[in-house]
Amino acid sequence: RWLRQHECVEKLNMHAILSASAGQEQLLTELLVTYAKVPVLIGELISVEIWKHKIFPVLCRLEDFKPRSTFPIYVVLHHEASIINLLETVFFYKEICDSAEDSILDLIDYCHRKLTLLAARSANGQTVTPTELRSEDLASPSSMQKQAETMEFEISLKALSVLRFITDQVESLPLSALTRMLNTHNLPCLLVELVEHCPWSCWEAGKLKKFENGTWHVVPPEDQVKMTKLDGQVWLALLNLLLSPECQRKYHFDGFNKSQLLKLRAFLKDILVDQLPNLVELQRFLSHLAVTEPAPPKKDLVLEQIPVIWDHILKKNAGKWEAIAKHQVKRVFSPTEEELKLQARRWAQTYSLDMIEALAPDKPRCGVCGVEAAKRCSRCRNEWYCTRECQVQHWQKHKVACNLMA
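Computed from a prediction, not measured in an experiment: that's the story for all the values here.

### Here we look at the pattern of salt bridges
Two side chains carrying opposite charge are able to pair once their charged atoms lie near each other.
Then, number 1: The final tally for this structure, using the stated rule, is 15 salt bridges.
Then, number 2: Note that E80 is salt-bridged to K114, the shortest N-O span being 3.0 Å. Of this pair, E80 sits in helix α5 (residues 71–90) while K114 sits in helix α7 (residues 103–123), and the two are 34 residues apart along the sequence. Both residues of the pair, E80 and K114, belong to the buried class.
Then, number 3: Look at the salt bridges and you will find they share partners, linking K52, E80, K114 and E152 into a network.

### So, the nonpolar core
As a rule of thumb, nonpolar side chains are buried together in soluble globular proteins.
Then, number 1: L59, F91, I104, L107, M181, W200 and W235 are the most contacted members of the largest nonpolar core, which totals 104 residues.
Then, number 2: With eight residues, the next largest nonpolar core counts C377, C380, Y385 and C390 among its residues.

### With respect to the sheet that holds strand β3 (residues 215–218)
Then, number 1: What the three strands build is an open sheet, ordered β1-β2-β3; its pairing is antiparallel. Strands at the two margins of the open sheet, each flanked by one partner only, are β1 (201–204) and β3. When strand polarity is set aside, the average angle formed by the axes of neighbouring strands in this sheet is 35°.

### Looking at the packing of α7 against helix α9 (residues 175–184)
Then, number 1: Orientation of α7 relative to α9, taken along the N-to-C sense of each, is 10°, at an axis distance of 9 Å. On the basis of their axis angle, the class for α7 and α9 is roughly parallel. Contact residues: α7 offers I104, L105, I108 and D109, while α9 offers S176, A177, R180 and M181.
Then, number 2: Grouping the constituent residues of the contact of α7 with α9 by class yields five nonpolar, one polar and two charged.

### Examining the side chain of Q169
Then, number 1: Inspection of the secondary structure puts Q169 in the loop between α8 (141–167) and α9.
Then, number 2: Classification of Q169 as buried rests on a relative accessible area of 12%.
Then, number 3: Sequence-distant contacts of Q169, that is, excluding residues within four places in its chain, are made with K94 and C97.

### Side note on the UniProt feature "domain: MYND-type" (unreviewed entry) in the protein
Then, number 1: The residues that UniProt annotates with the feature "domain: MYND-type" (unreviewed entry) are residues 366–402.
Then, number 2: Along residues 366–402, the helical share is 41% and the strand share 11%, with 16 Å between the first and last C-alpha atoms.

### Let's talk about the confidence of the model for the protein
Predicted coordinates in regions of low pLDDT should not be interpreted in detail.
Then, number 1: Across the protein, the average pLDDT comes to 86, with 91% of residues at 70 or higher.
Then, number 2: Counting interchain partners and residues more than four positions distant, the pLDDT-below-50 stretch residues 130–138 has 25 contacts.

### Comments concerning unusual backbone geometry
Then, number 1: Non-glycine residue N186 carries a positive phi angle of around 50°.
Then, number 2: Structurally, the position occupied by N186 is in the loop between α9 and α10 (187–197).
Then, number 3: A positive phi angle, near 45°, is found at C198, a position not held by glycine.
Then, number 4: Secondary-structure assignment places C198 in the loop between α10 and β1.

### Some remarks on the side chain of S103
Then, number 1: Note that S103 resides in helix α7.
Then, number 2: By relative accessible area, which is 8% here, S103 ends up buried.
Then, number 3: Those residues within four positions of S103 in sequence are excluded, and the remaining contacts are P39 and I42.

Definitions and limits used
For every chain, the first residue of the written sequence is number 1, and numbering continues from 1 along that sequence. Selection of residues for local features in this predicted model requires a pLDDT of at least 70, selection of side-chain atom pairs for listing and counting requires 80 or more, and totals for whole chains, interfaces and linings are taken over all residues. Note that water and hydrogens are dropped before the side-chain values are worked out from all heavy atoms of the structure. Here, a salt bridge means any side-chain nitrogen of Lys or Arg that lies within 4 Å of a carboxyl oxygen of Asp or Glu. For the purposes of this entry, the term helix denotes a DSSP run of H or I that reaches at least four residues, the term strand denotes a run of E that reaches at least two, and both are numbered from the N terminus. Exposure categories follow from relative accessible area, calculated using a 1.4 Å probe and restricted to protein chains: below 20% of the type maximum is buried, above 50% is exposed, and the middle band is partly exposed. Nine residue types can take part in a nonpolar core, namely buried Ala, Val, Leu, Ile, Met, Phe, Trp, Tyr and Cys, and a core is a set of them joined through side-chain atoms within 4.5 Å. Two strands pair if DSSP finds at least two bridges between them. To get an axis, a line is fitted to the C-alpha atoms, and for a helix only the part in contact is used. The angle between two axes follows their N-to-C directions and goes from 0 to 180 degrees. Geometric relationships in this document are graded by angle, where less than 35 degrees denotes roughly parallel, more than 145 denotes roughly antiparallel, 65 to 115 denotes roughly perpendicular, and other angles denote oblique. Residues count as neighbours in contact if any of their non-hydrogen atoms are within 4.5 Å of one another. Only Asp, Glu, Lys and Arg are considered charged, only Ala, Val, Leu, Ile, Met, Phe, Trp, Tyr, Cys and Pro nonpolar, and every remaining residue, Gly among them, polar. UniProt positions are given in the numbering used here, feature names are shortened, and annotations may be inferred rather than shown by experiment. Within a predicted model, pLDDT stands for the predictor's per-residue confidence, ranging from 0 to 100.

This is the structure we're talking about:
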């Protein structure tokens, strides 16, 4: 049943990307709103996040867990990435944000957790570099842990975009959502941390590298001052949160918060403002903030809503994580040879190669030498090669996955 749900989410995600690239995503957003599926997606997103934190580490530690293939686990890990990518694509629309209803609080908490992890890793000097998942890696739980770490980084960047789209709607968000963003999580200061440490850029061997479209690129000297999409998302979120009159009334500009926000002035150079002219308003606001002492927000007596999905799942399964992991090893992640072949055929149908090629920004690469490839394994049609010599050389490693997918 869960695999069927994953297939539906994956197809929705692919459809959303293709529709967005063609400017025709309105139909999909209307369907998600009409059938009230946005809260369902948020619930599913948080469920997989908890699985990654509570179940996945236990699976990797179990001595008796030696699966034929760890690809079924990879599918679960990838499920979170698919959902957050789908939400990033559709949350641009106000009606999607409105249709989230009370679960918007859970989504705000989710984004806060991801951005906190992102800021903490960057502050500690940790840089995540993508690792390519090869067919022969699918039998190694340790390689899956590395892949999960890389995916966590990319998921966090998607969460940043989702949060920015939520802040676009500050004027229509429920009071509890504003309180959650401004006071409970202090998102303005967290965003300042991201501006300071910029987790999607790093220096390596004297060259500046930036993370865009799923890969790290070396940035030529003439482009090093250009604002990336991720930089823009942070600045736009700050603009939304700091310049909204409602947010200014709710936010507490105490000594710490004020000192953190004023750090932004060092980054607001003319070359940055030229690329995003709206930042002139932020410059004016910060200049005014530097010479004033805003009054603390009024403490109104209100009944505040709180997110429930995360706490509900944790309380329901408290003390059961190891038992759940062992049950999943037996029932889910140890399929027979026939069940594995059947699953592989279903995955092959879900991840339509024609669809994937339409989504891929780059041309396929040879599985052996990495150069641009034009030939594909005729049996499974899943691996690419530049020459027959490379295909023959790779056959011993590729054979297991090929037998499954054929």
